[in-house]
Amino acid sequence: MDYYGVPRRILRGARQLVYPRRCPFCDRVLGSVPVCPDCAAELEELRRKPGMRLDASQHYLGELTGAAAPFRYEGCVRRGILHTKYHAAPWAAVELGLWLAKLAFGSEMHMAGAEPVPELVEGMSLGYDCIVPVPASGRARGYNVPQLMAVPLARALGIPLYPKALGRTRAKRHQAGLPFEQRLANVAGAFRVTDTELVEGRKVLLVDDVITTGATAAACTQALLAAGAESVFAIALATVEFEMFPARDQPLQENEPEF
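Residues numbered from 1 in each chain as written. Predicted model: local features only at pLDDT ≥ 70, side-chain atom pairs only at ≥ 80, totals over all residues. Heavy atoms only, no water.

Here we come to the overall build of the chain. Of the regular secondary structure elements, the chain holds 7 helices and 9 strands. Per-residue burial over the chain gives 51% buried out of 259 residues. Residue pairs in contact within the chain that sit at least 24 positions apart in sequence constitute 74% of those at least 6 positions apart. For the chain, the accessible surface area stands at approximately 12200 Å², while carbon and sulfur atoms represent 52% of it. (Helix = DSSP H or I, 4+ residues; strand = E, 2+ residues; numbered from the N terminus. Buried < 20%, exposed > 50% of the residue type's maximum accessible area, 1.4 Å probe, protein only. Contact = heavy atoms within 4.5 Å. Areas by Shrake-Rupley, 256 points an atom, 1.4 Å probe, with all protein chains shown as cover.)

Structure representation (structure tokens):
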């Protein structure tokens, strides 16, 4: 069923009578207010300007054609992503995807009752053929954050979302705290394409919540290209910024929950 179709929007509208819409970054009740006034200034401060593209000298991009993220993984952005991951808040993942559609692709939002809906960005479908989210690292959460973030993107770009195109060949250790060399080993061969017809000959937009070193996105890209994808570009809401690429044996602490 279409996420933005009338039946599901009616159900969400009824739910909001009991559980009003909240800010994904600070959890303030927003209702029909489009943007949280408490977070607006900090979000602007955390924007990566003037460009959002990741520098290959600071991240491992592998065979990606490129990667981008509109925010630094700090402050309320970091808290919002962690809240989405660890506090059973799938609705917040969709809200984060709205920010990604707006800042990375220029989608305008209109309020349908108390729900923001992304507008189609004309011409964006020329750059990409489909959207593929990075698979969830496990089943404990019950939902995949990148997949839900990709829902507004698919509507804004007017291209199909293939939530199950990528799967995991095996469980992996959590990346938090691992040095770069171990991160690469941790994700090497960890992904596979479940149906080559979905990606063969297509320009893929790969979606994740955070790009740290780039090891996970690069491993997903390797699997997609091996299955016949024409190209892969990665997009995330936020990235960890390094002054220079970290040493291969340097432990990286960026995902530990702090509430």
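Cis geometry is found at the peptide bond from Lys-49 to Pro-50, where omega equals 5 degrees. The backbone phi angle of Asp-27 is positive, close to 75 degrees, even though this residue is not glycine. Mapped onto the elements, Asp-27 comes out in the loop between helix H1 (6-18) and helix H2 (40-45).

Let us now look at the confidence of the model for the chain. Averaged over all residues, the pLDDT of the chain equals 87, while 84% of them reach at least 70. Scored below 50 in pLDDT, residues 254-259 makes 20 contacts in the model with residues more than four places away or belonging to other chains. (pLDDT = per-residue confidence, 0-100.)

What follows concerns the pairing of strand S9 (residues 231-239). Of all the 9 residues making up S9, 9 are buried; the element is thus mostly covered by neighbouring parts of the structure. Here strand S2 (residues 71-72) pairs with S9 via 2 bridges, running parallel. Note on S9: the bridge partner recorded for Phe-71 is Ala-238. Bridging between strand S8 (residues 203-211) and S9 involves 8 bridges; their strand directions are parallel. (Pairing = 2+ DSSP bridges.)

Take the environment of Arg-141 next. The residue Arg-141 is located in the loop between strand S5 (130-133) and helix H5 (145-157) in this model. When the C-alpha positions of Arg-141 and Ala-89 are compared, they lie 9.6 Å apart, and in sequence the two are 52 residues distant.

It is worth spelling out the pattern of salt bridges at this point. Taken as a whole, this structure holds 11 salt bridges when the rule is applied. A salt bridge links Glu-95 to Arg-21; the shortest N-O distance between them is 2.6 Å. Within this pair, whereas Glu-95 is found in helix H4 (residues 90-105), its partner Arg-21 is found in the loop between H1 and H2, the two being separated by 74 residues in sequence. Overall, the relative accessible area of 5% leaves Arg-21 in the buried class. The partner of Glu-74 in a salt bridge is Arg-72, with the nearest N and O atoms 3.4 Å apart. (Salt bridge = Lys/Arg side-chain N within 4 Å of Asp/Glu carboxyl O.)

Attention shifts here to H4. Taking 1.5 Å per residue, 16 residues should reach 22 Å; H4 reaches 22 Å between its end C-alpha atoms and fits that length. Burial within H4 is extensive, with 13 of its 16 residues counted as buried. (Expected span 1.5 Å × (residues − 1).)

Tallied over the full model, the rule gives 0 disulfides. As a non-bridged cysteine, Cys-76 has Cys-39 as the owner of its nearest cysteine sulfur, 4.8 Å distant. (Disulfide = S-S within 2.5 Å.)

To continue, consider the packing of aromatic side chains. In the structure shown here, the tally under the stated rule is 5 aromatic pairs. Ring geometry for Phe-25 and Trp-99: centres 5.8 Å apart, planes at 75 degrees, overall edge-to-face. With Phe-25 in the loop between H1 and H2 and Trp-99 in helix H4, this residue pair connects regions lying 74 residues apart in the sequence. The buried category is assigned to Phe-25, whose relative accessible area is 6%. According to the relative accessible area criterion, Trp-99 is buried, its value standing at 15%. Feature note: the residues Phe-25, Phe-71 and Trp-99 constitute an aromatic cluster, connected by ring pairs. Its guanidinium or amino end placed over the ring of Trp-99, Lys-102 lies 5.2 Å from that ring's centre, counting from NZ or CZ. (Phe/Tyr/Trp six-rings, centres within 6.5 Å; stacked < 30°, edge-to-face > 60°. Lys NZ or Arg CZ within 6 Å of the ring centre and 35° of its normal.)

Right, let's get into the side chain of Thr-84. Mapping Thr-84 onto the fold places it in helix H3 (residues 75-86). What Thr-84 contacts, discounting residues up to four positions off in sequence, is Ala-89, Ala-92, Ala-93, Leu-96, Tyr-143 and Val-145.

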